[in-house]
Amino acid sequence: MVERIQPGDVIRPGRPSTVGRYGPLARLNHWITAASLMLLAISGLALFTPALYFLTDLFGGGQNTRAFHPWIGVVLFVSFYVFFLQLWRANLPQRVDIVWLSRFRDLISGNEERLPELGKYNAGQKFIFWSMAGLILLLIATGIVVWDQYFGEYFSVPTKRVAILVHSISAVLAICVFILHVYAAIWTRGTLRAMTRGDVTAGWAWRHHRKWLRELNGRRKVGPAE
Ligand code: HEM
């Protein structure tokens, strides 16, 4: 049936209503975490293989890279876990996550209306959250074992060998998870502003995290704002 446009039907341009998602401190916390992980990836890769040793120039040479890398690791650990404490509850797994994952095909093919309504985070975001939490814990623990300047005498050489292997594997996995996170943030249009301006449009919230929007609105029925 052809839809009829009637007199008075009109699209009104203007600012859509928005929904706050992250306050300024949470955003600062996130970007310190992001910057430290990127610096760690660059300095770590520079120390990992001679092929990338030239990257040490960015940190003022090999000696400086070696000295800075573990301290940036401490910044990442503290910063991520301060962020973690603010978000862990909203990232707890729920039954709906399994339903959402089982219909992942619908998400990829753009049939998002067939997916269940979600709270603040989807299963993909939760996966990134918990895998970063685990990997950063492994990285700091194994990093301390191989931080000879302060802890050299506390661990045996065989322990350090295992630690550096686990450290390198965790770092590669963390870089993969990081790429996935940035890709998802760009791929899902309208998401980046959550971490730049701190808010999203109500239309974005309705489309991707409808249960969260409903809860925020405090009543069961909410119409799309876009
Ligand atoms: C250039 C790098 C990065 C970009 C562009 C970016 C972008 C974003 C965006 C847009 C969000 C908001 C998503 C939403 O609320 O729906 C977000 C959330 C988040 N980001 Fe990043 N991010 C970056 C790096 C990182 C790094 C390195 C980490 C961790 C080591 C990280 C951890 C998180 C976490 C934990 C959340 C909250 C989502 C959740 O708890 O599931 N981000 N990021």
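Here the structure is shown first, and the text comes after it.
Bear in mind the structure is a predicted one, so any value in this text is a computation, not a measurement.

## Here we look at the overall build of the protein chain
Then step 1. What the protein chain contains, in helices and strands, is 10 helices and two strands.
Then step 2. The helix and strand sequence of the protein chain, counted from the amino end, reads β-α-α-α-α-α-α-α-α-β-α-α.
Then step 3. Relative to the 2.2 N^0.38 estimate, which gives 17 Å for 226 residues, the radius of gyration of the protein chain is 22 Å and therefore markedly larger than a compact globule would have.
Then step 4. Structurally, the protein chain occupies a C-alpha span of about 80 × 35 × 30 Å along its principal axes.
Then step 5. Entry remark: accessible area of the protein chain is about 14,800 Å², with carbon and sulfur atoms responsible for 65%.
Then step 6. Between the averaged position of the 25 positive side-chain charges in the protein chain and that of its 13 negative side-chain charges there is a distance of 4 Å.

## So, helix α7 (residues 157–187)
Then step 1. Between the first and last C-alpha of α7 there are 45 Å, a value that for 31 residues agrees with the 45 Å anticipated at 1.5 Å per step.
Then step 2. Listed as buried for α7 are Lys-160, Ala-163, His-167, Ser-168, Ser-170, Ala-174, Val-177 and Ala-185.
Then step 3. Packing partners of the buried residues in α7 comprise α1 (24–48), α2 (62–87), α5 (123–145), α6 (148–151) and α8 (192–196).

## Looking at the site of the ligand
Then step 1. Taken together, 25 residues are adjacent to the ligand, and Arg-21, Tyr-22, His-30, Gln-125 and His-181 come closest.
Then step 2. Between a nitrogen atom of the ligand and a side-chain N or O atom of His-30, the distance comes to 2.8 Å.
Then step 3. A distance of 2.9 Å separates an oxygen atom of the ligand from a polar atom in the side chain of Asn-91.
Then step 4. At the level of secondary structure, the elements contributing two or more residues to the shell around the ligand comprise α1, α2, α5, α7 and α8.
Then step 5. Broken down by element, the residue count for the shell around the ligand peaks at six residues, all from α1.
Then step 6. Residue composition of the shell around the ligand, by class: 18 nonpolar, six polar and one charged.

## What to know about the packing of aromatic side chains
Then step 1. In the structure shown here, the tally under the stated rule is 15 aromatic pairs.
Then step 2. Seen in terms of ring centroids, Trp-147 and Tyr-150 are 5.2 Å apart; in terms of plane orientation they differ by 85°. Their pairing is edge-to-face.
Then step 3. Owing to a relative accessible area of 12%, Trp-147 belongs among the buried residues under this scheme.
Then step 4. Relative to Tyr-154, the ring of Phe-151 has its centre 6.5 Å away and its plane inclined at 50°; by these criteria the two rings are tilted.

## Considerations on the pattern of salt bridges
Then step 1. Per the counting criterion, the structure on display carries seven salt bridges.
Then step 2. Between Arg-210 and Glu-113 there is a salt bridge, with the nearest N and O atoms lying 3.0 Å from each other. With Arg-210 in helix α10 (residues 210–217) and Glu-113 in the loop between α4 (104–108) and α5, this pair connects stretches of sequence that are 97 residues apart.
Then step 3. A relative accessible area of 13% means that Arg-210 is categorised as buried.

## A look at the packing of α1 against α7
Then step 1. At a minimum axis separation of 11 Å, α1 and α7 run at an interaxial angle of 135°. Overall, the two elements α1 and α7 adopt an arrangement that is oblique. Where α1 crosses over α7, the handedness of that crossing is left-handed. Across the interface between the two elements, His-30, Leu-37, Met-38, Ala-41, Leu-45 and Phe-48 from α1 touch Ser-168, Ile-175, Phe-178 and His-181 from α7.

## Let's talk about the packing of α5 against α7
Then step 1. At a minimum axis separation of 8 Å, α5 and α7 run at an interaxial angle of 150°. Here α5 lies roughly antiparallel to α7, going by the angle between them. When the axes of α5 and α7 are compared, the crossing they make is left-handed.
Then step 2. A class-by-class count of the residues in the contact of α5 with α7 yields 15 nonpolar, seven polar and one charged.

## Some thoughts on the side chain of Asn-29
Then step 1. Mapped onto the elements of the fold, Asn-29 is located in helix α1.
Then step 2. The exposure class assigned to Asn-29 is buried, which follows from its relative accessible area of 9%.

Conventions we followed
Every chain is numbered on its own, with residues counted from 1 as its sequence reads. Thresholds applied to this predicted model are a pLDDT of at least 70 for local features of residues and 80 or more for the giving and counting of side-chain atom pairs; totals over whole chains, interfaces and linings are not thresholded and use all residues. Hydrogen atoms and water are omitted, and side-chain values are computed over all heavy atoms in the structure. The helix and strand labels rest on DSSP assignments: H or I over at least four residues marks a helix, E over at least two residues marks a strand, and numbering proceeds from the N terminus. This radius of gyration counts C-alpha atoms alone. The globule rule is 2.2 Å times how many residues there are, raised to the power 0.38. Only the protein chains shown count as covering a residue, and every accessible area follows the Shrake-Rupley method with a 1.4 Å probe. For the purpose of counting charges, residues Lys and Arg are taken to be positive, whereas Asp and Glu are taken to be negative. His and the chain ends are not included. For charged residues, the charge sits on one atom: NZ in Lys, CZ in Arg, CG in Asp, CD in Glu. Helix span, expected: 1.5 Å multiplied by one less than the number of residues in the helix. Note on exposure labels: buried denotes an accessible area under 20% of the residue type's maximum, exposed denotes more than 50%, and partly exposed covers the range between, all computed with a 1.4 Å probe on protein chains only. Any two residues whose heavy atoms approach within 4.5 Å are treated as being in contact. Each residue is tested against the molecule or strand, and it is near if at least one of its non-hydrogen atoms lies within 4 Å. By the criterion applied in these results, polar contacts are pairs of N or O atoms within 3.5 Å in which, for protein atoms, one can donate a hydrogen and the other can accept it, and in which residues neighboring in sequence qualify only through two side-chain atoms. Any residue that is not Ala, Val, Leu, Ile, Met, Phe, Trp, Tyr, Cys, Pro, Asp, Glu, Lys or Arg is counted as polar, Gly included; the first ten are nonpolar and the last four charged. For this analysis, a ring pair means two rings from Phe, Tyr or Trp (six-membered ring only for Trp) whose centres lie within 6.5 Å, classed as stacked if their planes differ by under 30 degrees, edge-to-face if by over 60, and tilted for the remaining angles. Note on definitions: salt bridges are taken to be side-chain nitrogens of Lys or Arg within 4 Å of carboxyl oxygens of Asp or Glu. Think of each axis as a best-fit line through the C-alpha atoms, taken over the contacting stretch in the case of a helix, with angles from 0 to 180 degrees between the N-to-C directions. Throughout this description, any angle smaller than 35 degrees is read as roughly parallel, any larger than 145 degrees as roughly antiparallel, any in the 65 to 115 degree range as roughly perpendicular, and the remainder as oblique. Note on convention: the crossing is left-handed when the near helix lies turned anticlockwise from the far helix by less than a right angle, right-handed when the turn is clockwise.

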